[in-house]
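# Summary of structural features
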Amino acid sequence: MVLAELGGRISRAIQHMSNATIIDEKVLNECLNEITRALLSSDVQFQLVRDMQKNIKAIVNLEDLAAGHNKRRIIQQAIFNELCKMLDPGKPAFTPKKGKPSIIMFVGLQGSGKTTTCTKYAYYHQKKGWKPALVCADTFRAGAFDQLKQNATKAKIPFYGSYTESDPVKIAVEGVETFKKENCDLIIVDTSGRHKQEAALFEEMRQVSEATKPDLVIFVMDSSIGQAAFDQAQAFKQSVPVGAVIVTKMDGHAKGGGALSAVAATKSPVIFIGTGEHMDEFEVFDVKPFVSRLLGMGDWTGFMDKIHEVVPVDQQPELLQKLSEGNFTLRIMYEQFQNILKMGPIGQVFSMLPGFSAELMPKGREKESQAKIKRYMTMMDSMTNEELDSTNPKLMNESRIMRIARGSGRQVREVMEMLEEYKRLAKIWSKMKGLKIPTRGDMNMRSRNMNAQHMSKILPPQMLKQIGGMGGLQSLMKQMGSSKDMMGMFGGGDS
Ligand SMILES: Nc1nc2c(ncn2[C@@H]2O[C@H](COP(=O)(O)OP(=O)(O)OP(=O)(O)O)[C@@H](O)[C@H]2O)c(=O)[nH]1
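Everything quoted here is computed from the prediction, not taken from an experiment.

### Quick notes on the sheet that holds strand E7 (residues 270-274)
One open sheet holds the eight strands; their spatial order is E3-E2-E4-E1-E5-E6-E7-E8, and the pairing between them is mixed. Of all the strands in the sheet, just strand E3 (159-160) and strand E8 (282-284) have a single pairing partner and so form its edges. The sheet contacts of helix H9 (residues 199-212) involve strand E1 (102-108), strand E2 (132-137) and strand E4 (186-191), and relative to E1 the element is tilted by about 175 degrees.

### Notes on the site of the ligand
If you check the shell around the ligand, you find 20 residues, and the closest are Lys 114, Thr 115, Thr 116, Arg 141 and Asp 251. A distance of 2.6 Å separates an oxygen atom of the ligand from a polar side-chain atom of Thr 116. Between the ligand and Glu 277, the relevant distance is 3.1 Å, taken from an oxygen atom to a side-chain nitrogen or oxygen of the residue. Protein burial of the ligand: of its 660 Å² of free accessible surface, 83% is covered by the chains. Among the elements that line the shell around the ligand, the one with the most residues is helix H6 (residues 114-127), at four residues. Tallied by class, the residues present in the shell around the ligand amount to one nonpolar, 12 polar and seven charged.

### Considering the pattern of salt bridges
Evaluated as defined, the whole model comprises 17 salt bridges. Across the pair Lys 114 and Asp 190 runs a salt bridge whose closest N-O atoms are separated by 3.5 Å. Here Lys 114 is found in helix H6, whereas its partner Asp 190 is found in strand E4, with 76 residues between them in sequence. What makes Asp 190 buried here is its relative accessible area of 1%. Ionic pairing is found between Glu 414 and Arg 410, a salt bridge with its closest N-O pair at 3.2 Å.

### Re the UniProt feature "domain: SRP54-type proteins GTP-binding" (unreviewed entry) in the chain
The sites that UniProt annotates as "domain: SRP54-type proteins GTP-binding" (unreviewed entry) are residues 269-282. Helix makes up 0% of residues 269-282 and strand makes up 43%, while its end C-alpha atoms are separated by 16 Å.

### Digging into unusual backbone geometry
Even without a glycine there, the phi angle at Lys 156 is positive, about 55 degrees. Structurally, Lys 156 is set in the loop between helix H7 (144-154) and E3. For Lys 156, a relative accessible area of 69% puts it in the exposed group. In this structure, Lys 213 takes a positive phi of about 45 degrees despite not being glycine.

### Let's talk about H7
Turning to H7, its buried residues are Ala 144, Phe 145, Leu 148, Asn 151 and Ala 152. Down the axis of H7, the buried set is contained in an arc of 135 degrees. They therefore lie on one face. Residues of H7 that are exposed and point more than 90 degrees away from the buried face comprise Gln 150 and Lys 154. Each element contacted by the buried residues of H7 is listed here: H6, E2, E3 and E4.

### So, the environment of Arg 403
Following the sequence through the fold, Arg 403 ends up in helix H19 (residues 398-408). In this structure, the C-alpha to C-alpha distance between Arg 403 and Ser 382, residues 21 residues apart in sequence, is 8.1 Å. Residue contacts for Arg 403: discarding those within four places in its chain leaves Ser 382, Met 383, Thr 384 and Glu 387.

### Details of the nonpolar core
By size, the foremost hydrophobic cluster in this structure holds 70 residues, and its most contacted members are Ile 35, Leu 39, Ile 79 and Leu 83. Tallying contributions element by element places helix H5 (residues 71-87) first for this core, with eight residues. Counting residues in hydrophobic clusters, the runner-up holds 26 residues, among them Tyr 121, Leu 134, Ile 188 and Ile 271.

### A word on the pairing of E4
Among the six residues that make up E4, six are buried, leaving the element largely enclosed by the rest of the structure. Where burial is concerned, the two faces of E4 agree: the one with Leu 186, Ile 188 and Asp 190 and the one with Ile 187, Val 189 and Thr 191 are both buried. The sheet contact formed by E1 and E4 spans five bridges and is parallel. Residue Ile 103 lies in a different strand from E4, and its bridge partner there is Ile 187. Note: E2 against E4, six bridges, orientation parallel. Looking at the pairing, Leu 134 lines up with Ile 188 of E4.

### Let's talk about the pairing of E7
Within E7, five of the five residues are buried, which leaves the element mostly enclosed by the surrounding structure. Relative to E7, strand E6 (residues 242-248) runs parallel, the two being bridged by three bridges. Looking at the pairing, Ile 246 lines up with Phe 272 of E7. Sheet topology places E7 next to E8; three bridges connect them, and they run antiparallel. Paired with Ile 273 across the strands is Glu 283, a residue of E8.

### Description of the packing of H6 against H7
Orientation of H6 relative to H7, taken along the N-to-C sense of each, is 25 degrees, at an axis distance of 10 Å. Judged by the angle between their axes, H6 and H7 are roughly parallel. Considering only the axes of H6 and H7, their crossing is right-handed. Across the interface between the two elements, Thr 115, Thr 116 and Thr 119 from H6 touch Gln 147, Leu 148, Asn 151 and Ala 152 from H7. Residues of the contact of H6 with H7, tallied by class, amount to two nonpolar, five polar and no charged.

Cut-offs applied
- Residues numbered from 1 in each chain as written.
- Predicted model: local features only at pLDDT ≥ 70, side-chain atom pairs only at ≥ 80, totals over all residues.
- Heavy atoms only, no water.
- Pairing = 2+ DSSP bridges.
- Helix = DSSP H or I, 4+ residues; strand = E, 2+ residues; numbered from the N terminus.
- Contact = heavy atoms within 4.5 Å.
- Axes fitted to C-alpha atoms, helices over the stretch in contact; angles between N-to-C directions.
- Near = heavy atom within 4 Å.
- Polar contact = N/O pair within 3.5 Å; in protein donor to acceptor, adjacent residues only side chain to side chain.
- Areas by Shrake-Rupley, 256 points an atom, 1.4 Å probe, with all protein chains shown as cover.
- Nonpolar A, V, L, I, M, F, W, Y, C, P; charged D, E, K, R; others polar.
- Salt bridge = Lys/Arg side-chain N within 4 Å of Asp/Glu carboxyl O.
- Buried < 20%, exposed > 50% of the residue type's maximum accessible area, 1.4 Å probe, protein only.
- UniProt positions renumbered as here; feature names shortened; annotations may be inferred.
- Arc of directions from axis to C-beta.
- Core = buried A, V, L, I, M, F, W, Y, C linked by side-chain atoms within 4.5 Å.
- Parallel < 35°, antiparallel > 145°, perpendicular 65-115°, else oblique.
- Left-handed = near helix turned anticlockwise from the far one by under 90°.

As structure tokens, this is what we get:
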């Protein structure tokens, strides 16, 4: 994901600045200019970037920096806050309530991924116990109804549409009425795609909206539209009351900065992002963890949620225990590979950890990555229990490597490559040693209000020391306002 590049550039700019012996206005400006360039080349709207730069300069107190303490943290925090501000319009989107019918209308440009996203949105809620239904009010694109029907059938979601009726308003109203009678609690209306210039289609969208009175209008935007995002999002907002944004194709080569512009243009939050063509490649969008990840600070909260979601329940405590001991063995890697192959999205899990990025499973190259994982697993099948459970890197000597290669019918070079991958992952996990893995209970506690005492129990000792012990932690938490941010901020532990 190109957003990761943006994050990398920002982190490097901050790192570069904090390496300077004296931080004066010139050094700070250089850092901010580099960040500005990074944001602009990621397609964030110029005005937004300029405002951000101005705000950071107003917030960051050069005298604090000159004192030399926590330079990196002060700047990183200011940038973190500004990026969050850009992505947070200040009011949450309408949240539908289970059991009570809500009408959600989807709008967006042609090919933005609207129809796919409607199904993903329905499927996501269905898995959580909702009763969603899909209405195809796109009579403009031939084949739109078939596409929706196909997606809906695959996901076992009821749908409504017509091959013969050409009035989208009529279909939308009939569909909504039908599903209300069937006690569906999430009635999703897919509308025709359009280009900005198409006044007639905009008018149609307005009429569908007036007739169905949606509780929420979601604007679906392709993340690759770049600088055009602001104007397009604004054009939609002027025609219908857009209340939320979903950004699609975040897995591709898009620069992604357009998402920030869309939020600014519609004054509505991004609620989900699409990360692939498949039904479950769809993630809830949460501003702070997202920005945390963007700045390479890791997203511990998201990581834990994902672990709970994708690792089988009976394996969770054991896995978490082993990870917190810093003992990342080949067997753990093997078990995680099994989970990847079974459930797919653990690549997302790893991408939430600092250092992991998407190296193991680059998006868009899943097939290749899956084949690689299967290859690694075949080689591991030729290993002994001692080898799989060992934490001694010296154990894997030449003769063992040759035996594994022979046994699995692979080349020595490939076994070495697999062991390198293992070493890379083990090295990252060794940094996490001592981290008290938060349990579900802790997570709930966190969302209420975790205090410094709880926090200090979760952090690895050396990280706590870096912050300045309990005193440092308390003042840091006060500065940051909320403990939820802390979880995201400390994921990285590299400050
Ligand atoms: N890689 C990737 N592809 C996506 C994503 N979302 C949608 N697509 C693909 O984008 C293409 C267009 O998606 P559609 O859902 O047909 O787009 P649409 O906006 O409904 O199109 P119209 O009905 O013409 O307006 C399809 O090939 C989808 O599979 C995503 O998050 N990632």
